[in-house]
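Here are the chains, one letter per residue:
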Amino acid sequence: GAVVSQHPSWVICKSGTSVKIECRSLDFQATTMFWYRQFPKQSLMLMATSNEGSKATYEQGVEKDKFLINHASLTLSTLTVTSAHPEDSSFYICSARVGPNSPLHFGNGTRLTVT
Amino acid sequence: GDSVTQMEGPVTLSEEAFLTINCTYTATGYPSLFWYVQYPGEGLQLLLKATKADDKGSNKGFEATYRKETTSFHLEKGSVQVSDSAVYFCALSDSSGSARQLTFGSGTQLTVLP
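Residues numbered from 1 in each chain as written. Chains lettered and ligands numbered in written order. Predicted model: local features only at pLDDT ≥ 70, side-chain atom pairs only at ≥ 80, totals over all residues. Heavy atoms only, no water.

**Q** Would you mind going over the overall build of chain A with me for this structure?
**A** Broken down by element type, chain A carries 0 helices and 11 strands. Taken from the N to the C terminus, the helices and strands of chain A come in the order β-β-β-β-β-β-β-β-β-β-β. For chain A, the proportion of its 115 residues judged to be buried stands at 47%. Nonlocal contacts in chain A, meaning residues at least 24 apart in sequence, comprise 55% of its contacts between residues at least 6 apart. Split by element, the accessible area of chain A, about 5800 Å² in all, is 52% carbon and sulfur. Looking at chain A, you have 10 positive and 8 negative side-chain charges, and the mean spots of the two groups are 4 Å apart. (Helix = DSSP H or I, 4+ residues; strand = E, 2+ residues; numbered from the N terminus. Buried < 20%, exposed > 50% of the residue type's maximum accessible area, 1.4 Å probe, protein only. Contact = heavy atoms within 4.5 Å. Areas by Shrake-Rupley, 256 points an atom, 1.4 Å probe, with all protein chains shown as cover. Lys, Arg positive; Asp, Glu negative; His and termini not counted. Charge placed at Lys NZ, Arg CZ, Asp CG, Glu CD.)

**Q** Explain the environment of A:Asp88 to me, please; I cannot follow it from the model alone.
**A** Its location among the elements puts A:Asp88 in the loop between strand E8 (76-81) and strand E9 (90-97). Contacts of A:Asp88, omitting those with residues within four sequence positions, involve A:Arg37, A:Lys66, A:Phe67, A:Val81, A:Ser83, A:Leu112 and A:Val114.

**Q** Would you take a moment to explain unusual backbone geometry for this structure?
**A** Most peptide bonds are trans, and most residues other than glycine sit at a negative phi. Cis geometry marks the peptide bond from A:His7 to A:Pro8; its omega dihedral reads 0°. Checked against the element boundaries, A:Pro8 lands in the loop between strand E1 (4-7) and strand E2 (10-13). Cis peptide bonds are those with omega within 30 degrees of zero, and the linkage from B:Gly9 to B:Pro10 qualifies with -5°. Mapping B:Pro10 onto the fold places it in the loop between strand E1 (3-6) and strand E2 (11-14). Positive phi, close to 55°, is recorded for B:Lys60, a residue that is not glycine. Relative to the elements of secondary structure, B:Lys60 occurs in the loop between strand E7 (56-59) and strand E8 (62-65).

**Q** Explanation requested: the environment of A:Phe106 in the structure shown.
**A** With respect to the secondary-structure elements, A:Phe106 resides in strand E10 (residues 105-106). Apart from residues no more than four positions distant in its own chain, A:Phe106 is found in contact with A:Val4, A:Tyr36, A:Leu44, A:Ile93, A:Cys94, A:Ser95, B:Tyr36, B:Leu44, B:Leu102 and B:Phe104.

**Q** In this structure, what is going on with the pattern of salt bridges? I would like to understand it.
**A** Oppositely charged side chains can pair when the atoms bearing their charge come close. Residues and elements named next belong to chain A. Tallied over the full model, the rule gives 5 salt bridges over all chains. Residue Asp88 pairs with Lys66 through a salt bridge whose shortest N-O separation is 2.9 Å. Of this pair, Asp88 sits in the loop between E8 and E9 while Lys66 sits in the loop between strand E6 (57-58) and strand E7 (67-73); the two residues are 22 residues apart in sequence, bridging distant segments of the chain. In this pair, the class of Asp88 matches that of Lys66, namely buried. (Salt bridge = Lys/Arg side-chain N within 4 Å of Asp/Glu carboxyl O.)

Purely geometric numbers; function is a separate question.
And the structure:
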């Protein structure tokens, strides 16, 4: 089946540094990738929608200058948390699909801890 | 906006017990409804779905029926196994046909004891 690989699975960084998270579709071409954030005991909240070759569309309240999203190829999207702060500590999950009517495939998530 | 409300967990059951995880939704139009499962250390996987009222989604012994009159999509399984221990998410997607995202519930942790 379709596999989405997310890397790293966990990362610890110091406050003020930047962290990049990768999301790769291993055996299919993903025209659209989504980035979610999940706080403990809360639902997944969509952060942004990323279409290959174009700028990401951010949800209301998500700072696009802080959460940089790049989708330069049909198999890779990256999320960079810039100048991370402890409140950015969370679980980040990506998903990918071939087209609008295709099923979503999720990565395993990345646990970010900012100290 | 759209929203999904799921029963809070955690839920702990003995093996072979009956499972119900409640899910209700608020949406305009005619959304599609989904249950996703997240096993420990893994990503979300689609468990089942229903795209219109009165549809029943089923997979791996799990079932859920799209009830428009009660705006519900409760997940059920007649006899759970230890291997069913996971987090279950109810979700909906809107009917606009755009590349809009899924709206998720908060997830319900299920632990099945042998």
